Amino acid sequence: MRLRQESHGGVNVISMDGRLDSETAPRVQQELQALFPDDGLVVLDLSRTMYMSSAGLRVLLLVYRQAQRSAVRLALTGLSDDVRAIMDATGFLGFFTVVESVEEGVEALTV
Amino acid sequence: MTILEPIDAYPTQRISGFPVRAGRSLPFGATVVPGGVNFSVYSNHATAVTLVLYREGEPEPMAELPFPESFRVGSVHAMTVFGLDVEGLEYGYRVDGPNLPWEGHRFDPSVVLSDPYARMLTGHGPYRNRSRVALDDFDWEDDRPPRLAHEDLVIYELHVRGFTRHPSSGVAAPGTYAGLVEKIPYLKELGVNCVELMPVFEFDETDNVFTGVNYWGYSPIGFFAPKASYAATGRSHMQVDEFKHLVKEMHRAGIEVLLDVVFNHTAEGDERGPTISFKGLDNATYYMLTPEGYYYNFSGTGNTLNCNHPVVRGFVLDCLRYWAAECHVDGFRFDLAAVLGRGPGGELLHNPPLLESLAYDPVLRDRKLIAEAWDAAGLYQVGSFPHYSRWSEWNGRYRDTVRRFVKGDLGVTGELATRMVGSPDMYSRRGTAATVNFVTSHDGFTLRDLVSYDHKHNEANGEGNRDGDDGNHSWNCGAEGDTDDPAVLATRARQQRNALLLLLASRGVPMLLAGDELGRTQRGNNNAYCHDNPLTWLDWGLLEENADLFRFTRRAVAFRRAHPVLRGGSPASVHWHGVRAWQPDWSAHSRVLAAMFDGGGGDCVYVAANAHWEPHALELPEAPRGQRWHLFADTGAAPPVDAFEPGEEPPLANQAQLVAGPRSVVILVTR
């Protein structure tokens, strides 16, 4: 699992490559925490996340809580159909702003 | 500030390659603790216990960890194992001990047993009964139970899978908790405020010798585990979250969630049945046994859980507390609850400790407790169930009386009056919340079949039509089963409305069977426990086909909500009438009854029921307090004027007389 951070017109785009499961989750969580700004706009790009387990979803839940505590506005993009269905059925999806692309996320968070 | 890690986050020794330490005896089950998982299991008669760990889906264990003697406190074996990836972990126990059935012991160390406290089972595939550890992190936000007054409930009994499994349901995930969430707007429209879910504890849906299918699920395997195959996310092992999401969304819509729970027996059956969990953990503790070591069978299914044994009682309490506190469930309906009042030898207990414990439990204080107050061995406690002023009961006598009256039987008019005011002959001191009234339930005919069949038609069950109840008090209205005779169909439609209207105008808690508001049929099958197919699934096409019936039911539910006088009050606030006002006819040949519910506060409802095939002109009592009678419903009228929107009832032209048509129920309200 690799994390990358870029700036897109003032928005932090964090993308995650690889598998997000119980093996990688603790490290991803730490790295995300370090990459996360105290305020501003973040788009989490999951289009290169090959697999996400329930532990992975819990990482997202923690990210959501971190964003809530700080002044960060957060959007998710690149959800696979499977991940989207699981997040929907378990109610996690409702916590997030979900967008179809990084560009849409930048737009959604900056207007 | 540095937070010191707890000292027991470190292992003290290695067993089978895993770092471990002596665990905590409580809580039972597998609990995530700092650095590891604490496993705790009870067995009073075991000589050796081994924890068996698997990697997800692997046939062979990755390790077997015998509990050292020093890890046992009393009859509890506990061990903390460090460094486990709980997400990919499956586990079970091997338990050794005497195999002396005549002394009650059936230990078999060749079997890997389910943890009775497991929050999840694998739920599918060849290793479906393996236990799993749940990641306990669900965001309930500000969820709080609606905490509706018991007498204000309108219960809707449904099967999680059957409710949305039919292709016509149009949901994204048919047959699941998530699918049910999608139907919440429908439940809101109908107006019910409480769903009672048929069993959702893990059970084996293939466990049936006749059809190979157990659909209803009254045969539990994992009492703490929501059924994985009812979850769209079951294969990702997210069923606990999905179930919690269902409860949360129901609550958001103001709807309570009750679970139909089965603590009278398990799927392990009798001495011929499989060993899954209790049988191999401590048979003599968990089951009621004869002096010869055979299984008492008060449940009609092979075995009987020994639920008044102190350890088993603790198990039941732990289980219900879990569902209430961790899963926010609002209450429980106890299958064959009379069994829960029996002692270890099957004897009837005067003051059953389990029922008493549940009644006074601090965690369960605000949760509904509803007993099916009978068992399969002839014990019938409707009206005499040990209630501690706390328990409600499925009122089987209400069901039978309304069915018989609507059918036209003689000699039940007086009893109907008693049932309509909350059965004070049985529940006078407990109030109307004590009686759960119903005409149909999952067990027996659907409402449409009740008026379409004289006899049960269970041929497809493979039991030669010998299964299911013969005493249904049903009437086919002139033709058995399908017909295109318009007169028969009209009578059936009216009879369904009659039953629904009487149910929703009676004091006590009404319970509707899902689909009855749409004319659901099981083609005369009154025991469809073994069919997982369109026979039992709700066909949503009926919503269009029977739009009249749906509209009628919706209005009747709304009417009940608008009139508190129908939900409670003293029996003295109901005045009885007959063909003549103020003169009820209690004679055995009477088929006419009228009740005026008048609490004196301006809320007054008049209900007239005519089960005769002739019309009767009824003299109306004067509407109290200078008001006028308005017509809410008349089942003898053609839709859509068979019922009006509550609040928009037209005034009655003739305030002195009402003609109740053949086999009809009429409801008036004052304004």
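- An unreviewed UniProt entry annotates chain B as Isoamylase originating from Actinomadura luzonensis.
- In the Sequence similarities (unreviewed entry) part of its UniProt record, chain B is described as follows: "Belongs to the glycosyl hydrolase 13 family."

- As recorded in an unreviewed UniProt entry, chain A goes by Anti-sigma factor antagonist and comes from Actinomadura luzonensis.
- Quoted straight from UniProt, the Sequence similarities (unreviewed entry) entry for chain A says "Belongs to the anti-sigma-factor antagonist family."

Regarding unusual backbone geometry
Residues and elements named next belong to chain B.
And then number 1: Backbone torsion omega between Leu26 and Pro27 reads 0 degrees, so that peptide bond is classified as cis.
And then number 2: Considering the arrangement of structural elements, one finds Pro27 in the loop between strand E2 (18–22) and strand E3 (29–33).
And then number 3: A positive phi angle is found at Ser423, which is not glycine, with a value near 50 degrees.
And then number 4: Among the secondary structure elements, Ser423 is positioned in the loop between helix H9 (413–420) and helix H10 (424–427).
And then number 5: Positioned with a positive phi, Arg523 is a non-glycine residue whose angle comes to about 55 degrees.
And then number 6: Relative to the elements of secondary structure, Arg523 occurs in the loop between strand E23 (509–513) and helix H13 (542–545).

Quick notes on the interface of chain B and chain A
And then number 1: At the interface, 16 residues of chain B touch 17 residues of chain A.
And then number 2: When chain B packs against chain A, the two sides together hide about 1400 Å² of surface, and 54% of this comes from carbon and sulfur.
And then number 3: The three residues of chain B that bury the most area against chain A are Glu87, Asp137 and Met238 of chain B, which together make up 39% of that side's buried surface.
And then number 4: For the pair chain B and chain A, the number of links is three salt bridges.
And then number 5: Top contributing element to the side of chain B that touches chain A by residue count: helix H4 (residues 239–252) of chain B, with four residues.
And then number 6: Residue composition of the side of chain B that touches chain A, by class: five nonpolar, three polar and eight charged.

Topic: helix H7 (residues 353–360) of chain B
Along an α-helix, residues three or four positions apart point the same way, because every turn accommodates 3.6 residues.
Residues and elements named next belong to chain B.
And then number 1: Of all the positions in H7, only Leu354, Leu355, Leu358 and Ala359 are classed as buried. Taken end-on, H7 shows its buried residues confined to a sector of 135 degrees, consistent with a single buried face.
And then number 2: On the buried face of H7, the contacting elements are helix H6 (310–326), strand E19 (331–334) and strand E20 (368–371).

Things to note about the environment of Glu58 of chain B
Residues and elements named next belong to chain B.
And then number 1: Following the sequence through the fold, Glu58 ends up in the loop between strand E5 (48–55) and strand E6 (63–66).
And then number 2: Considered as a pair, Glu58 and Leu354 are 296 residues apart in the sequence and their alpha carbons are 40 Å apart.
And then number 3: When neighbours within four sequence positions are excluded, Glu58 is seen to be in contact with Tyr127 and Arg130.

Re the UniProt feature "domain: STAS" (unreviewed entry) in chain A
And then number 1: Summarizing the sequence annotation, UniProt attributes the feature "domain: STAS" (unreviewed entry) to residues 1–109 of chain A in the numbering used throughout.
And then number 2: The annotated region residues 1–109 of chain A carries 40% helix and 35% strand content, and the separation between its end C-alpha atoms amounts to 26 Å.

Quick notes on the sheet that holds E23 of chain B
Residues and elements named next belong to chain B.
And then number 1: Overall, parallel pairing links the eight strands, which are arranged E14-E15-E18-E19-E20-E21-E22-E23 in a closed barrel. On average, adjacent strands in this sheet sit at an angle of 25 degrees to one another, irrespective of strand direction.
And then number 2: Where strand E22 (residues 435–438) meets E23, three bridges bridge the pair, whose relative direction is parallel. Across the sheet, residue Val436 finds its bridge partner in E23, namely Val509.
And then number 3: Together, strand E15 (194–197) and strand E18 (256–261) form the strand contacts of H4, whose direction differs from that of E18 by roughly 135 degrees.

Observations regarding the confidence of the model for chain B
Low-pLDDT portions of the prediction should not be read for the details of their coordinates.
And then number 1: Scored by pLDDT, chain B comes out at a mean of 96, with 99% of its residues at no less than 70.
And then number 2: Our summary of model confidence lists the complex with pTM equal to 0.97 and ipTM equal to 0.94.

Quick word on the packing of aromatic side chains
All names here are of chain B.
And then number 1: Under the defined criterion, the tally for this structure stands at 45 aromatic pairs over all chains.
And then number 2: Between Tyr156 and Phe163, the ring centres sit 5.9 Å apart and the planes meet at 80 degrees, which makes this aromatic pair edge-to-face.
And then number 3: Taking the centre distance of 4.0 Å and the plane angle of 10 degrees together, the rings of Phe559 and Phe632 count as stacked. In this pair, Phe559 is assigned in helix H14 (residues 547–562) and Phe632 in strand E28 (residues 629–634), connecting sequence segments 73 residues apart. Summarising the burial analysis for this pair, Phe559 and Phe632 share the class buried.
And then number 4: The side chain of Arg130 reaches across the aromatic face of Tyr54, ending 3.5 Å from its centre.
And then number 5: Across from the ring centre of Phe552, 5.5 Å away, lies the NZ or CZ of Arg497, which sits over that ring.

Focus on the environment of Asn129 of chain B
Residues and elements named next belong to chain B.
And then number 1: Mapping Asn129 onto the fold places it in the loop between strand E12 (120–121) and strand E13 (131–132).
And then number 2: The exposure class assigned to Asn129 is partly exposed, which follows from its relative accessible area of 25%.
And then number 3: Placed 15 residues apart in sequence, Asn129 and Ser114 show a C-alpha to C-alpha distance of 6.1 Å.

Description of the nonpolar core
Residues and elements named next belong to chain B.
And then number 1: By size, the foremost hydrophobic cluster in this structure holds 209 residues, and its most contacted members are Tyr156, Leu197, Leu259 and Phe334.
And then number 2: When residues of this core are assigned to their parent elements, the largest contribution, nine residues, is made by H6.
And then number 3: Residue contacts for Phe334: discarding those within four places in its chain leaves Val261, Phe263, Leu320, Leu340, Leu358, Leu369, Ile370, Ala371, Glu372 and Trp391.

Quick notes on the rules
Residues numbered from 1 in each chain as written. Chains lettered and ligands numbered in written order. Predicted model: local features only at pLDDT ≥ 70, side-chain atom pairs only at ≥ 80, totals over all residues. Heavy atoms only, no water. UniProt positions renumbered as here; feature names shortened; annotations may be inferred. Helix = DSSP H or I, 4+ residues; strand = E, 2+ residues; numbered from the N terminus. Contact = heavy atoms within 4.5 Å. Buried area = accessible area lost by both parts, 1.4 Å probe. Salt bridge = Lys/Arg side-chain N within 4 Å of Asp/Glu carboxyl O. Nonpolar A, V, L, I, M, F, W, Y, C, P; charged D, E, K, R; others polar. Buried < 20%, exposed > 50% of the residue type's maximum accessible area, 1.4 Å probe, protein only. Arc of directions from axis to C-beta. Pairing = 2+ DSSP bridges. Axes fitted to C-alpha atoms, helices over the stretch in contact; angles between N-to-C directions. pLDDT = per-residue confidence, 0-100. Phe/Tyr/Trp six-rings, centres within 6.5 Å; stacked < 30°, edge-to-face > 60°. Lys NZ or Arg CZ within 6 Å of the ring centre and 35° of its normal. Core = buried A, V, L, I, M, F, W, Y, C linked by side-chain atoms within 4.5 Å.

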